Amino acid sequence: MDATLTPEAVKTVKDHITAIEQTLPFLVGLTGTERVALPKVNVNNKVFTEDAIQAAVNNAALLPAFVNVEGMKKDLALYHALDELVLLVQQLAEKLSDTQLLAGSEAYTSALAIYKIFGAASEAGVQGTKTLHEQLRQRFGGQGKSTAPLPEGTGTVPNT
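Residues numbered from 1 in each chain as written. Predicted model: local features only at pLDDT ≥ 70, side-chain atom pairs only at ≥ 80, totals over all residues. Heavy atoms only, no water.

Novice: Could you give an account of the environment of Gln-100, with specific residues and numbers?
Specialist: Turning to its location among the elements, Gln-100 is positioned in helix 4 (residues 69-123). Considering only alpha carbons, one finds Gln-100 and Met-1, 99 residues apart in sequence, at a separation of 9.9 Å. (Helix = DSSP H or I, 4+ residues; strand = E, 2+ residues; numbered from the N terminus.)

In structure tokens:
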């Protein structure tokens, strides 16, 4: 990765996120329990919901007064409108997460290489490198020689 993210760019993105939240003030946050408990719309029950709304519109006289068909229509219209936005935001979130993962992996892989270089320099007797190697080696304390997970392509496990 050869990219940087300036504080100004972070602020701009945060400002845009705030603007989105202000544009959609009706957004809610559910607890995990609430998410599990709520019935979900899928392909089959979305069609069922649309059919039920249409049946209610065509047979309004058969429904009790407390059934709010217009509210159902609004809820389903909101569902459809948000569907497009959710997909776009999920794609963006995936790209953000993947980019963060790649940047972190590249930095960690380079850190492992530095650790190996200082270890080799320390073994070769290069002055001042033993302390550096010892300091970095603390990260792998208690892991043993073969248990430190390394990203693919980094070679061998760090010497401890």
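Novice: A description of the packing of aromatic side chains should follow, citing residues and the corresponding values.
Specialist: In this description, a pair of aromatic rings is defined by centroid distance and the angle of the planes. What the rule picks out here adds up to one aromatic pair. Seen in terms of ring centroids, Tyr-115 and Phe-140 are 5.1 Å apart; in terms of plane orientation they differ by 50°. Their pairing is tilted. With Tyr-115 in helix 4 and Phe-140 in the segment after helix 5 (129-137), the pair connects residues that are 25 residues apart, well separated along the chain. Of the two residues examined, Tyr-115 and Phe-140, each falls in the buried class. (Phe/Tyr/Trp six-rings, centres within 6.5 Å; stacked < 30°, edge-to-face > 60°. Buried < 20%, exposed > 50% of the residue type's maximum accessible area, 1.4 Å probe, protein only.)

Novice: So what about the confidence of the model for the protein chain? Which residues, and what values?
Specialist: When pLDDT is averaged across the protein chain, the result is 90; 89% of the residues are at 70 or more. No element of the protein chain has a lower mean pLDDT than helix 5, at 92, and none a higher one than helix 1 (residues 7-23), at 97. (pLDDT = per-residue confidence, 0-100.)

Novice: Which residues make up a nonpolar patch on the surface, and what values go with them?
Specialist: Together, Phe-26, Leu-27 and Leu-78 make up an exposed nonpolar region whose accessible area comes to about 260 Å². Topologically, Leu-78 is positioned in helix 4. (Patch = residues over 30% accessible without salt bridge, like charges linked within 9 Å, V, L, I, M, F, W, Y side chains within 5 Å. Areas by Shrake-Rupley, 256 points an atom, 1.4 Å probe, with all protein chains shown as cover. Salt bridge = Lys/Arg side-chain N within 4 Å of Asp/Glu carboxyl O.)

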